[in-house]
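Topology and contacts: notes
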Amino acid sequence: TDKKMATPFIDLSWKLLNAIQQNSASTPSDVAGLIEAGSQIAELKFSDKVKAQVVEADQLSQDLSVTDKVKVLPRLHKLNKQLETVVYFVDNTFSLADVSFFAALAPTVKTWKDAEFNTFYNITRWYDLIQHHSKLASVAAAEKVTITFKKNVPKVDPKEQKAKEAAKGQQAAKGQAAKGQQAAKGQAAKGQQAAKGQAAKGQQA
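Residues numbered from 1 in each chain as written. Predicted model: local features only at pLDDT ≥ 70, side-chain atom pairs only at ≥ 80, totals over all residues. Heavy atoms only, no water.

**Digging into the overall build of the chain**
In plain terms, the rule: Runs of E in the DSSP output that reach at least two residues are strands. Runs of H or I that reach at least four are helices, and both are numbered from the N terminus. Burial classification: accessible surface area is computed with a 1.4 Å probe over protein chains only, and a residue below 20% of its type maximum counts as buried, one above 50% as exposed, and the rest as partly exposed. A contact between two residues is defined here by any heavy atoms of the two lying within 4.5 Å.
Across its full length, the chain holds nine helices and zero strands. Overall, the chain shows an N-to-C arrangement of helices and strands of α-α-α-α-α-α-α-α-α. Split into buried and exposed, the 205 residues of the chain put 35% on the buried side. Contacts in the chain between residues far apart in sequence, at least 24 positions, make up 64% of those at least 6 positions apart.

**A few points about unusual backbone geometry**
Phi at Asp-91 takes a positive value of approximately 50 degrees, unusual for a residue other than glycine. Its place among the elements puts Asp-91 in the loop between α4 (73-82) and α5 (96-109). Of note, the phi angle at Asn-92 is positive, near 50 degrees, even though the residue is not glycine. Considering the arrangement of structural elements, one finds Asn-92 in the loop between α4 and α5.

**With respect to the packing of helix α1 (residues 8-20) against α5**
Heads up, the rule is: Lines fitted to the C-alpha atoms define the axes, with helices restricted to the stretch that makes contact. Angles between their N-to-C directions range from 0 to 180 degrees. Roughly parallel means an angle under 35 degrees; roughly antiparallel, over 145; roughly perpendicular, 65 to 115; everything else is oblique. A clockwise turn of the near helix away from the far one marks a right-handed crossing, whereas an anticlockwise turn of less than a right angle marks a left-handed crossing. Three categories are distinguished: nonpolar for Ala, Val, Leu, Ile, Met, Phe, Trp, Tyr, Cys and Pro, charged for Asp, Glu, Lys and Arg, and polar for the others, with Gly belonging to the last.
Between α1 and α5, the least distance of the axes is 9 Å, while the angle of their chain directions is 135 degrees. Here α1 lies oblique to α5, going by the angle between them. Seen along the crossing, α1 lies across α5 with a hand that is right-handed. On α5, the residues touching Phe-9, Leu-12, Ser-13, Leu-16, Leu-17 and Ile-20 of α1 are Leu-96, Val-99, Ser-100, Phe-102, Ala-103, Ala-104 and Ala-106. Taken together, the residues that form the contact of α1 with α5 break down as eleven nonpolar, two polar and no charged.

**As for the layout of surface pockets**
Just so we agree on the cut-off: Points on a 1 Å grid, built from protein atoms alone, make a cavity when a 1.4 Å probe fits but cannot get out and make a pocket when they are open with protein on both sides within 12 Å along at least 5 of 7 lines; residues with an atom within 4 Å of a point are the lining residues. Grid points are joined across faces, edges and corners, and a volume is the space filled by probe spheres set on the points.
Empty space within the largest pocket amounts to approximately 280 Å³. If you go around the largest pocket, you meet 15 residues; those closest to its centre are Pro-8, Phe-9, Ser-61, Ser-65 and Pro-107. When contributions to the lining of the largest pocket are tallied by element, the ones reaching two or more residues are α1, α3 (48-64) and α5.

**Focus on the packing of aromatic side chains**
Let me state the cut-off plainly: Within 6.5 Å between ring centres, the rings of Phe, Tyr and Trp (the latter by its six-membered ring) count as paired, and their orientation is classed by plane angle as stacked under 30 degrees, edge-to-face over 60, tilted in between.
One pass over the structure, following the stated rule, counts seven aromatic pairs. An angle of 85 degrees between the planes, with centres 5.1 Å apart, marks the rings of Phe-89 and Trp-126 as edge-to-face. In this pair, Phe-89 is assigned in the loop between α4 and α5 and Trp-126 in helix α7 (residues 121-131), connecting sequence segments 37 residues apart. Here Trp-112 and Phe-117 contribute two aromatic rings whose centre-to-centre distance is 6.2 Å and whose plane-to-plane angle is 70 degrees, an arrangement assigned as edge-to-face. Take Phe-117: its relative accessible area is 3%, and that puts it in the buried class.

**Digging into α4**
Short version of the rule: What the arc covers is the set of directions going from the helix axis to the C-beta atoms.
Listing the buried residues of α4 in full gives Leu-76, Leu-79 and Asn-80. Down the axis of α4, the sector holding all buried residues measures 100 degrees, keeping them to one side. Structural note: α4 exposes Pro-74, Lys-78 and Lys-81 on the side pointing more than 90 degrees away from its buried face. Contact partners of the buried residues in α4: α3, α5, α6 (114-119) and α7.

**Concerning the pattern of salt bridges**
Any two side chains of opposite charge can pair, on the condition that their charged atoms come close. Threshold: In what follows, salt bridge is the name for a side-chain nitrogen of Lys or Arg lying within 4 Å of a carboxyl oxygen of Asp or Glu.
Applying the stated criterion across every chain yields a total of eight salt bridges. With a shortest N-O distance of 3.2 Å, Glu-56 and Arg-75 are connected by a salt bridge. Here Arg-75 lies in helix α4 and Glu-56 lies in helix α3, a separation of 19 residues in the sequence. Judged by relative accessible area, Arg-75 falls into the partly exposed class, the value being 24%. Sharing partners across several salt bridges, the network here consists of Lys-45, Lys-49 and Asp-91.

Here it is in structure tokens:
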């Protein structure tokens, strides 16, 4: 395969794969070749889900290379949402999908400022994790970005916070009511027991 035919996305993905496991083959020219190479690396999880995500990353890299990046914003927001509750792209395990998305996003993320880091918080968190991955550090260094904003967990929506507090209050009230009912039952039982005792004494007398 002619290395010159490889896109920047394929080229960087290939370099990252070689950082994980040295490969004597030449750079693949398309995403199918990249998937084939990645599937041979034992350290990387591979499945149909991973394959689909690599194809998605390839498409994203093409979309991000166009001049009108406003059209790509919905894709980035969707990706940011996808990473909201996970550490890695597929089954929370480091895979070829993470390598591919890193290669696809690198040229764009390197241009981001604080505003973009905050807007795409989950992408930023994930990118920072991948760029510091022990196996990728040597290659990822060239694509490294300095995350300048404080990586705090996003604040809970005030409405959600009030709802949670209200739910806690209701739960506490239910708990108190249940305790009160239990105490009342206990007192009633004691009263009945005492009455039975008095009646028994009266019969004996």
